[in-house]
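Coordinate analysis (summary)
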Amino acid sequence: MTETEQLALVRAAIRDVPDFPKPGILFRDITPLLGSPKAFGAVLDLLQARFGKDKLDVVVGMESRGFLFGAPLADRLGVGFAPIRKPGKLPCATESASYELEYGTDTLEIHRDAVSPGKRVLVVDDLLATGGTARAAVDLVRRLGGDVVACAFVVELAALEGRARLAQESVHSLVVYD
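An account of the accompanying structure is given in this report. (Residues numbered from 1 in each chain as written. Predicted model: local features only at pLDDT ≥ 70, side-chain atom pairs only at ≥ 80, totals over all residues. Heavy atoms only, no water.)

1. Description of the packing of helix 1 (residues 3-12) against helix 3 (residues 37-51)
Contact geometry for helix 1 and helix 3: axes closest at 9 Å, N-to-C directions at 130 degrees. One finds that helix 1 runs oblique with respect to helix 3. Considering the relative orientation of helix 1 and helix 3, their crossing is left-handed. Contact residues: helix 1 offers E3, Q6, L7, L9 and V10, while helix 3 offers K38, A39, A42, V43, D45 and L46. Looking at the contact of helix 1 with helix 3 residue by residue, the classes come out as seven nonpolar, one polar and three charged. (Axes fitted to C-alpha atoms, helices over the stretch in contact; angles between N-to-C directions. Helix = DSSP H or I, 4+ residues; strand = E, 2+ residues; numbered from the N terminus. Parallel < 35°, antiparallel > 145°, perpendicular 65-115°, else oblique. Left-handed = near helix turned anticlockwise from the far one by under 90°. Contact = heavy atoms within 4.5 Å. Nonpolar A, V, L, I, M, F, W, Y, C, P; charged D, E, K, R; others polar.)

2. Looking at the layout of surface pockets
By volume, the largest pocket amounts to about 1,100 Å³. Lining the largest pocket are 37 residues, with L127, A129, T130, L157 and L160 sitting closest to its centre. Residue assignment for the lining of the largest pocket shows that the elements contributing at least two residues are strand 2 (26-29), strand 5 (94-101), strand 7 (120-128), helix 5 (132-143) and strand 8 (147-157). (1 Å grid on protein atoms, 1.4 Å probe; cavity = no way out; pocket = protein on both sides within 12 Å on 5 of 7 lines; lining within 4 Å. Points joined across faces, edges and corners; volume = space filled by probe spheres on them.)

3. Points about the sheet that holds strand 9 (residues 171-177)
Here five strands make up an open sheet; going across it, the order is 4-3-7-8-9 and the pairing parallel. At either end of the open sheet lies a strand with only one pairing partner, and these are strand 4 (80-84) and strand 9. Taking the axes of each pair of neighbouring strands and ignoring which way they run, one obtains an average angle of 20 degrees across the sheet. In the packing of helix 3 onto the sheet, contacts are made with strand 7, strand 8 and strand 9, and the angle to strand 9 comes to roughly 145 degrees. (Pairing = 2+ DSSP bridges.)

4. Observations regarding the packing of aromatic side chains
Applying the stated rule across the entire model yields three aromatic pairs. With 5.2 Å between their ring centres and 80 degrees between their planes, F20 and F27 make a pair best called edge-to-face. Residue F27 is classed as partly exposed on the basis of its relative accessible area, which comes to 29%. Aromatic pair F40 and F69: ring centres 5.6 Å apart, planes at 35 degrees, arrangement tilted. Placement of F40 in helix 3 and of F69 in helix 4 (residues 65-77) is noted, with a sequence separation of 29 residues between them. For the cation-ring pair, R11 lies above Y177, with the distance from its terminal atom to the ring centre recorded as 5.1 Å. (Phe/Tyr/Trp six-rings, centres within 6.5 Å; stacked < 30°, edge-to-face > 60°. Buried < 20%, exposed > 50% of the residue type's maximum accessible area, 1.4 Å probe, protein only. Lys NZ or Arg CZ within 6 Å of the ring centre and 35° of its normal.)

As structure tokens, this is what we get:
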């Protein structure tokens, strides 16, 4: 299957859910993609093709859907996987970063030993929306001394301008909605 065919398969497996979680919102649902071995495999194939030659050391994924793509991608790339989680979920010493939400703030944590100084890291999540979560993840990796090679997303909602919060980063999204 060509890259164009794989991208079309991925896009077709993303379901539009109008008025969720509230009226006026068009939710892009990836659960059909997760339920399709061909579409899920296409996501991993595309990301592996894009990042397989980047000599990565670690893939980090944000809770929780970043785990779904990041861990199997790390396995395919032959590198480690490090989870970035909500506060209080990791059992050892952590580094944390807070970020702004529409109403308030949130925090993410990573184990302090998850990324060693100088390690080349790929940040993976399912969705790039406003970019707050991804920015916090990048900041955490850098605080640990890691070199963020790129940020990869399955879906990007371009109208929410999350890419702007990652202006200094290499950003790669498979499916972009305007």
